[in-house]
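Chain by chain, the residues:
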Amino acid sequence: MLTDYHVHLRTDDLDASAAEHYAHDNVARYREAASERGIAELGVAEHIYRFEQALEIWRHPFWEQYATDDLDAYCAFVRDRTDLRLGIEMDFVAGAEDRTASMLEARDFDYVVGSVHFIRDGAVDMDDYSVWGSGRSTEEIWRRYFQTIAESATCGLFDILAHPDLVKYWSPAEPGKDARRPEGDLRFYYEPAVEAIADSGVAVEVSTAGLRKPVEEMYPAPAFLEMCLEAGAPLALSSDAHRPEDIGADYDRALELLSSFGVGELCVFEHRARRLEAIG
């Protein structure tokens, strides 16, 4: 069974309205794309910062700019008017774990995708509010990023860790091509995250989205993925699509990678319960 759980019905445009994206015709386009690509299990996980209720957790200026929708209206639309699995992409905000837990527990999600886009107030994958202009070294940013991934793994809030090496977003793997990638063996940076993943049992997302980003590599990197598998981590497969044409994008490459590691099962979720299904 192929899955695509990390999917957004909304584009990233600031002026994109809820009404035009949380609509039957838009869902039908996503469903059609999934059917064409053999994806049986399709879910949607909108960014938490799109919703007014997110400001109860964190009032970062970026969130304040985007938080215009109603979270409960989104949940009702997906539950009552579609056959999609209901998820949310919830940023890990250190110090806000209790507020995050209260928000999640109050709603009937099928799964929660946890992500780390910020190190404190600095974004790793955006020009706005970028951590890369903060004066910190590349090595320090990478260390702190994977420490934060470790914290997100052990907090118990999430079912899936999204794009777990997003910090490489700007940095193609070729040596010396970008100063935002440290030199040397990157497994040194991965280790704290992998230890936390092993202890928590949280699922790790294999995401093809990185192939559409400056890094031009899937998340996580093969060495990171290998470490996760050696630690016993279950896997979820997603595209992080923000438009129908990206549903299941580059799954042939993802499946080839999974096969090379002997992976034959993927996580499937319903009402926060996880099971494994054969890829087929």
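Residues numbered from 1 in each chain as written. Predicted model: local features only at pLDDT ≥ 70, side-chain atom pairs only at ≥ 80, totals over all residues. Heavy atoms only, no water.

Quick word on the sheet that holds strand β4 (residues 111-115)
Link 1 in the chain: With respect to topology, seven strands assemble into an open sheet ordered β1-β2-β3-β4-β7-β8-β9, the strand pairing being parallel. Edge positions in the open sheet fall to β1 (2-4) and β9 (235-238), since each of these has one partner strand only.
Link 2 in the chain: By the bridge criterion, four bridges tie strand β8 (residues 203-207) to β9 in an arrangement that is parallel. Its bridge partner lying in β9, E205 is registered against A236.
Link 3 in the chain: With respect to the sheet, helix α9 (residues 251-260) is in contact with β1, β2 (39-47), β8 and β9, its orientation differing from that of β9 by roughly 160°. (Pairing = 2+ DSSP bridges. Helix = DSSP H or I, 4+ residues; strand = E, 2+ residues; numbered from the N terminus. Contact = heavy atoms within 4.5 Å. Axes fitted to C-alpha atoms, helices over the stretch in contact; angles between N-to-C directions.)

As for the pattern of salt bridges
Between side chains of opposite charge, a pair can form when the charged atoms approach closely.
Link 1 in the chain: With the rule as written, the count across this model stands at 17 salt bridges.
Link 2 in the chain: Measuring nitrogen to oxygen at the nearest pair gives 3.8 Å for the salt bridge that ties D246 to R212. Residue D246 is located in the loop between β9 and α9, and its partner R212 is located in the loop between β8 and α8 (222-230); the two are separated by 34 residues in the primary sequence.
Link 3 in the chain: We classify D246 as buried; its relative accessible area is 11%.
Link 4 in the chain: Accessibility expressed as a relative area gives 30% for R212, which makes it partly exposed.
Link 5 in the chain: Each of R212, R243, E245 and D246 takes part in one network of salt bridges that share partners. (Salt bridge = Lys/Arg side-chain N within 4 Å of Asp/Glu carboxyl O. Buried < 20%, exposed > 50% of the residue type's maximum accessible area, 1.4 Å probe, protein only.)

With respect to the side chain of N26
Link 1 in the chain: Within the element layout of this structure, N26 appears in helix α2 (residues 24-36).
Link 2 in the chain: Apart from the residues within four sequence positions on either side, N26 is in contact with L9, E20 and H21.

With respect to the state of the cysteines
Link 1 in the chain: One pass over the full model with this rule turns up zero disulfides.
Link 2 in the chain: Looking at C155, it has no disulfide partner, and the nearest cysteine sulfur is the one in C228, 16 Å off.
Link 3 in the chain: The exposure class of C155 is partly exposed, given its relative accessible area of 25%. (Disulfide = S-S within 2.5 Å.)

Quick notes on the nonpolar core
Considering soluble globular proteins, one finds that nonpolar side chains tend to be buried as a cluster.
Link 1 in the chain: Ranked by size, the top nonpolar core spans 93 residues in total, and within it W63 and Y74 carry the most contacts.
Link 2 in the chain: Here this core gets seven residues from one element, more than from any other, and that element is helix α6 (residues 138-154).
Link 3 in the chain: Judged by nonpolar contacts, the second largest core, of 11 residues, contains Y5, V113, I160 and V268. (Core = buried A, V, L, I, M, F, W, Y, C linked by side-chain atoms within 4.5 Å.)

Remarks on unusual backbone geometry
Link 1 in the chain: For the bond running from Y219 to P220, omega is -10°, close enough to zero to count as cis.
Link 2 in the chain: Tracing the chain through its elements places P220 in the loop between β8 and α8.

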